[in-house]
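Each chain, letter by letter, is given below.
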Amino acid sequence: MNSRSSPPTRLSMTQVLLCGAAIVTLSMGIRHGFGLWLQPVTTDRGWTREAFAFALAVQNLAWGLAGPFAGMLADRFGAFRVLVAGALAYALGLALMALSATTTGFTASAGLLIGMAQSGTTYAVIYGVIGRQVAPEKRSWAMGVAAAAGSFGQFLMVPVENGLIGALGWQNALFVLGALALVIAPLALGLREPRAVAAASGLPQQGVGAALKEAFGSRSFRLLTAGYFVCGFQVVFIGVHLPSYLKDRGLEPQVATTALALIGLFNVLGTYGAGVLGQRLAKRHILSAIYALRALAITLFVSLPLTPMSVYVFASVMGVLWLSTVPPTNALIAQIFGVRHLSMLGGFVFLSHQLGSFLGVWLGGRLFDATGSYDVVWWIAVALGVFAALVNQPVREQPVARPVPASA
């Protein structure tokens, strides 16, 4: 029998989703709670908020810059090795973050090392496996499941992290999280792809250079990339600075913890719903609606009187919209360009997201230290939301046309 005629063995979709969801739950869950460390770390070390914010800004930038390379390695050699390396780097970064006595050391550990670790343990790598292992008609839904897991991680881990800080102190809490990050390595075994499937794309083989030229030459890819910048700016600014914003306005710390948990809980629904809708509706319309609704939610939040209930309503609404951009964005990349280089191309789009994250978290700290207020950054987030709603509309969702190689 000709072995070429035998279909390649695929991983079980249930296995891929369970292991991928668990990895994203841990990786994203840990990072979503970093805002809880802002005040204890700056108080204990005598640092400014800008110093803490700059380290997390570097984290987001390092995550974005390393993302395309992590994706390239995962596309070529499989996700397993990248995930294991990312888990080890994550654990080491958390431990060094606890031990850092200078802002330089804190930036290197909490910023550079953890950011690089996140590039190998989050969406771009996981979505590459999903894209290759899950049938196209279920791909958007499956990506929604994985994104919902990251949101559940926030709901689950933020109260856990707050409890660890209260019970063990902020340094010991980081050591515990480092041990949890190591669990990603055995979970990665469930995403070890058969070689034949990892290399298969269903399209003529395309080199890395050709894939990048094709993507960056596409107006739709550039528009998706621009919109994702806004996503990063908004969610990371809110995730890191909301606890301090609420405390400055006289609310109890528990309000911020509850708000972050509500964002995670409601984003389980939002990301799953976005994945389901992506199978039925034009994904560009879904993305535009998400960004427009974010702008409206932020406008109402900063304009109305601040109470615990207004915070909880805002957190719930933003939760539905929080990472719901992730499934339609990545599904569009797969739909337009195929899955052969999905992790790498997703990494480049995510780089834009992280550039926005860098600006959002750093600008929040910078403008607060300069003005004593977050108001200007809130309104920048509103304006960017309107911009993103507009730039996603012209995205063309048809697969790119490629020349068919001549028959031998």
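The rules behind the values
- Residues numbered from 1 in each chain as written.
- Predicted model: local features only at pLDDT ≥ 70, side-chain atom pairs only at ≥ 80, totals over all residues.
- Heavy atoms only, no water.
- Axes fitted to C-alpha atoms, helices over the stretch in contact; angles between N-to-C directions.
- Helix = DSSP H or I, 4+ residues; strand = E, 2+ residues; numbered from the N terminus.
- Left-handed = near helix turned anticlockwise from the far one by under 90°.
- Nonpolar A, V, L, I, M, F, W, Y, C, P; charged D, E, K, R; others polar.
- Phe/Tyr/Trp six-rings, centres within 6.5 Å; stacked < 30°, edge-to-face > 60°.
- Buried < 20%, exposed > 50% of the residue type's maximum accessible area, 1.4 Å probe, protein only.
- Lys NZ or Arg CZ within 6 Å of the ring centre and 35° of its normal.
- pLDDT = per-residue confidence, 0-100.
- Contact = heavy atoms within 4.5 Å.
- Core = buried A, V, L, I, M, F, W, Y, C linked by side-chain atoms within 4.5 Å.
- Lys, Arg positive; Asp, Glu negative; His and termini not counted.
- Salt bridge = Lys/Arg side-chain N within 4 Å of Asp/Glu carboxyl O.

## Comments concerning the packing of helix 12 (residues 219-248) against helix 17 (residues 342-371)
- Across the interface, helix 12 lies against helix 17 with an axial gap of 6 Å and an inter-helix angle of 35°. As for how helix 12 packs across helix 17, the hand of that crossing is right-handed.
- Looking at the contact of helix 12 with helix 17 residue by residue, the classes come out as 20 nonpolar, 10 polar and one charged.

## Regarding the packing of aromatic side chains
- With the rule as written, the count across this model stands at 18 aromatic pairs.
- Ring geometry for Phe216 against Phe221: centres 5.1 Å apart, planes inclined by 75°, an arrangement best described as edge-to-face.
- In this structure Phe216 comes out as partly exposed when scored by relative accessible area, which is 41%.
- Relative to Tyr374, the ring of Tyr245 has its centre 6.1 Å away and its plane inclined at 65°; by these criteria the two rings are edge-to-face. Taken as a pair, Tyr245 in helix 12 and Tyr374 in the loop between helix 17 and helix 18 (375-391) lie far apart in primary sequence, 129 residues in all.
- The lysine or arginine in question, Arg192, covers the ring of Phe80, its NZ or CZ lying 4.3 Å from the ring centre.

## As for the confidence of the model for the protein chain
- In the predicted model, the protein chain carries a mean pLDDT of 86, and the fraction of residues at 70 or more is 93%.
- Contacts of residues 1-7 to residues separated by more than four positions or lying in other chains number one contact, the stretch itself having pLDDT below 50.
- Considering only residues more than four positions removed or in separate chains, one finds that residues 197-203, a stretch of pLDDT under 50, has 16 contacts.

## What to know about the nonpolar core
- Counting residues in each nonpolar core, the largest one holds 126 residues, and the members touching the most others are Trp37, Leu94, Ile130, Ile238, Leu246, Phe301 and Trp378.
- No other element matches helix 12, which puts 15 residues into this core.
- When near neighbours in sequence (up to four residues on either side) are disregarded, Ile130 contacts Val16, Leu17, Arg139, Ala142, Met143 and Ala146.

## Digging into the side chain of Arg31
- Here Arg31 is to be found in helix 1 (residues 13-32).
- Salt bridges are absent for the buried Arg31, whose nearest opposite-charge side chain, Glu161, sits at 10 Å.

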